[in-house]
Amino acid sequence: MSSSTDVTRREMLKTSLLSGAGLWLGAQTAQAESTSPNEKLNIACIGLGNQGNANLGLVSSQNIVGLCDVDSARTDKYQAKFPKAKSFADFRVMLDKLENEIDAVVVTTPNHTHATIAVNAMRRGKHVYCEKPLAHSIHEVREMQRVAREEKVVTQMGTQNHAGENYRRTVELIQSGAIGDVQQVHVWFGRPGGWRRYKHVVDRPAEPQPIPKTLNWDLWVGPAPMQNFHPCYHPHDWHYWWDFGNGTLGNMGCHYMDLIFWSLDLQYPNAVETKGPDLHPDSTPFWLDCHWQFPARGSKPPVEVIWYHGRNTPEPVLELGGPEWAAGILFVGTDGMLAADYGKRVLLPEEKFAGFKAPPKTIPPAIGNHRQEWYEACKGNGKTNCHFDYAAPLTETILLGNLAFRVGEKVEWDADKGAATNTDQAAQYVQREYRKGWTL
């Protein structure tokens with residue numbers, strides 16, 4: 001049983017919120033106001049695998065009160081490190097039992113369960129850090145954004161490079177006009193097949209494999225259609241199955257497209273079309289080209305953004321004089337180009353920009369790392385930059401790329417309605433039916 005002092009502190013964190021102007025038109029960000037900004041937050045971590053381990057480590061300066069994973073081997077491992085925390089397999093049971101002890105949750109699970117967990121937590125007034133992409137479907141993304149606004153909780157999507165110096169300096173270069181008006185951007189992730197470990201498995205496995213004794217497979221599948229257990233799904237390759245993940249575009253797109261959205265103040269595209277291999281009903285493509293059209297934003301011109309994955313540095317980038325990098329972004333402006341990746345940036349052609357003086361630093365450094373920025377904002381120390389009002393249009397754009405590929409034709413998109421205007425085939429990919437017993 002928690003003390004009355006703890007309840008008072010949690011109620012303060014949950015309800016004392018300041019709504020400010022967001023990065024998008026009509027958007028709202030939430031900033032918690034606390035009488036004790038240095039007090040530690042009570043955090044529950046849901047999903048303790050590879051990235052979950054990293055996220056747990058980077059919020060461990062706070063009070064870890066809940067550990068949740070469908071594999072008891074993981075909760076047992078971290079229970080030893082956080083003996084005061086309580087362990088659970090089902091996030092719903094944890095949120096019920098620790099309702100009055102949790103201030104905030106970190107969601108690091110496969111994409112298909114992001115929304116069910118985050119929405120459940122936010123409806124209870126809990127602040128949420130959720131890994132990218134924000135959700136598995138466009139409907140889920142919009143629900144997460146809507147609930148976050150209604151509950152006025154502090155949110156952050158896990159695009160960690162957003163907190164880095166290189167992205168900040170790149171944004172300043174673009175927004176200062178160093179390369180003029182940007183009307184085209186190329187972005188690529190060349191690794192063929194993404195990070196697939198089971199590259200030979202593309203059809204849904206028909207024969208069941210033994211379920212590890214520590215794994216609750218029913219909870220892992222969650223709202224998705226039930227499948228036989230196979231290691232091509234868990235613990236890693238779920239990324240590359242439509243039922244659970246969003247392919248290489250979903251896995252890597254938010255990281256790279258983040259810099260484009262931030263630099264160019266993008267919101268929603270009005271059209272998208274793709275080129276790729278034949279559509280497989282179960283597994284995601286090994287390579288894909290995706291072409292989004294974004295409308296003008298005030299005085300900023302329309303922009304076309306072209307994504308490529310699976311075939312090393314794309315030929316259009318090399319033909320423009322861009323760098324032969326394994327992954328990167330090439331902004332094409334009226335007065336030059338800028339290439340960037342996670343850790344570097346270069347103005348092109350280099351001879352034109354010899355002696356170029358960088359613009360003043362206008363974007364302040366992050367408060368520590370991306371996770372720290374979130375939990376400090378939960379306590380009233382600053383604001384998050386990848387809150388759900390920012391992350392939702394970014395994620396929706398990524399998901400629209402997959403949608404257009406699965407539809408098999410160009411999609412004209414009405415962002416206000418959240419629907420395609422030129423095809424009836426898109427709706428089935430905007431929202432899907434949940435397995436019995438699961439709701440959003």
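What follows concerns the overall build of the chain. Of the regular secondary structure elements, the chain holds 13 helices and 17 strands. Relative to the globule expectation of 22 Å for 440 residues, the C-alpha radius of gyration of the chain, 22 Å, shows essentially globular dimensions. Taken along the three principal axes of its C-alpha coordinates, the chain extends 65 × 55 × 40 Å. Relative to its 440 residues, the chain shows a buried fraction of 59%. Taking contacts inside the chain between residues at least 6 apart in sequence as the whole, the part at least 24 apart equals 68%.

Taken in spatial order, the six strands make up an open sheet running E5-E4-E3-E6-E7-E8, and their pairing is parallel. Of all the strands in the sheet, just strand E5 (86–88) and strand E8 (155–158) have a single pairing partner and so form its edges. Sheet twist, expressed as the mean angle between neighbouring strand axes with direction ignored, is 20°.

Attention shifts here to the side chain of Glu 396. Locating Glu 396 in the fold gives a position in helix H12 (residues 388–407). Among the polar contacts made by the side chain of Glu 396, one reaches the side chain of Trp 413 at a distance of 2.9 Å. Excluding its chain neighbours within four sequence positions, the residues that come into contact with Glu 396 are Ile 138, Arg 142, Tyr 268 and Trp 413.

On to the sheet that holds strand E11 (residues 288–294), then. Spatial ordering of the open sheet is given by E15-E14-E13-E9-E12-E11-E10-E16-E17, a layout of nine strands whose pairing is mixed. The strands lining the two open edges of the sheet, one partner per strand, are strand E15 (345–348) and strand E17 (419–420). Pairing analysis gives two bridges linking strand E10 (residues 271–275) to strand E16 (residues 411–414), with the strands arranged antiparallel. Note that in E16 the partner of Ala 271 across the bridge is Glu 412. With respect to the sheet, H12 is in contact with E10, E11 and E16, its orientation differing from that of E11 by roughly 120°.

Turning next to the environment of Gln 51. The topology assignment puts Gln 51 in helix H2 (residues 50–59). A relative accessible area of 33% means that Gln 51 is categorised as partly exposed. With near-sequence residues (within four places) excluded, Gln 51 lies in contact with Thr 108, Glu 131, Gln 160 and Arg 371.

This brings us to the confidence of the model for the chain. Low-confidence regions, as indicated by low pLDDT, have predicted coordinates that should not be scrutinised in detail. Mean pLDDT over the chain: 92, with 91% of residues reaching 70 or higher. This stretch, residues 1–10, has a pLDDT under 50; its non-local contacts, to residues over four places away or in other chains, come to 13 contacts. Considering only residues more than four positions removed or in separate chains, one finds that residues 14–28, a stretch of pLDDT under 50, has 44 contacts.

Turning our eyes to something else, we now look at H12. Taking 1.5 Å per residue as the helical rise, H12 with its 20 residues ought to reach 28 Å, and the 27 Å between its terminal C-alpha atoms agrees with that figure. With respect to burial, H12 is a largely interior element, 19 of its 20 residues being buried. Backbone geometry just after H12 places Gly 408 at a positive phi near 85°.

Right, let's talk about the side chain of Asp 389 for a bit. Among the structural elements, Asp 389 can be located in helix H12. A relative accessible area of 4% means that Asp 389 is categorised as buried. A polar atom in the side chain of Asp 389 sits 2.8 Å from the side chain of Gln 145.

What follows covers the packing of aromatic side chains. Throughout the structure, instances matching the rule amount to 14 aromatic pairs. Between Phe 353 and Phe 356 the ring centres are 5.8 Å apart and the planes differ by 80°, which places this aromatic pair in the edge-to-face class. In this structure Phe 353 comes out as buried when scored by relative accessible area, which is 11%. Note on Phe 356: relative accessible area 36%, which makes it partly exposed. What links up through ring pairs into an aromatic cluster is the set Trp 217, Trp 220, Phe 229, Tyr 233, Trp 241 and Phe 244. One cation-aromatic arrangement involves Arg 196 over Phe 286; the distance from NZ or CZ to the ring centre is 3.9 Å.

You can see Thr 362 is positioned in the loop between E15 and helix H11 (370–378). With 191 residues separating them along the chain, Thr 362 and Val 171 place their C-alpha atoms 9.7 Å apart.

With that settled, consider the pattern of salt bridges. Within this structure, the stated rule accounts for 20 salt bridges. For Asp 96, the salt bridge goes to Arg 124, with nearest N and O atoms at 2.7 Å. Of this pair, Asp 96 sits in helix H4 (residues 91–97) while Arg 124 sits in the loop between helix H5 (111–123) and strand E7 (127–131); the two residues are 28 residues apart in sequence, bridging distant segments of the chain. Looking at Arg 124, the relative accessible area reads 17%, which means it is buried. What emerges from the salt-bridge pattern is a single network uniting Asp 96, Glu 99 and Arg 124.

A rise of 1.5 Å per residue sets the reference length of helix H9 (residues 247–264), with its 18 residues, at 26 Å; its end C-alpha atoms lie 25 Å apart and thus fit the reference within 8%. Its axis deflected by about 55° at Gly 253, H9 carries its strongest bend there.

Each value, and the rule that gives it
Residues numbered from 1 in each chain as written. Predicted model: local features only at pLDDT ≥ 70, side-chain atom pairs only at ≥ 80, totals over all residues. Heavy atoms only, no water. Helix = DSSP H or I, 4+ residues; strand = E, 2+ residues; numbered from the N terminus. Rg over C-alpha atoms; globule rule 2.2 N^0.38 Å. Buried < 20%, exposed > 50% of the residue type's maximum accessible area, 1.4 Å probe, protein only. Contact = heavy atoms within 4.5 Å. Pairing = 2+ DSSP bridges. Axes fitted to C-alpha atoms, helices over the stretch in contact; angles between N-to-C directions. Polar contact = N/O pair within 3.5 Å; in protein donor to acceptor, adjacent residues only side chain to side chain. pLDDT = per-residue confidence, 0-100. Expected span 1.5 Å × (residues − 1). Phe/Tyr/Trp six-rings, centres within 6.5 Å; stacked < 30°, edge-to-face > 60°. Lys NZ or Arg CZ within 6 Å of the ring centre and 35° of its normal. Salt bridge = Lys/Arg side-chain N within 4 Å of Asp/Glu carboxyl O. Bend = angle between axes of the 7 residues up to and from the residue.

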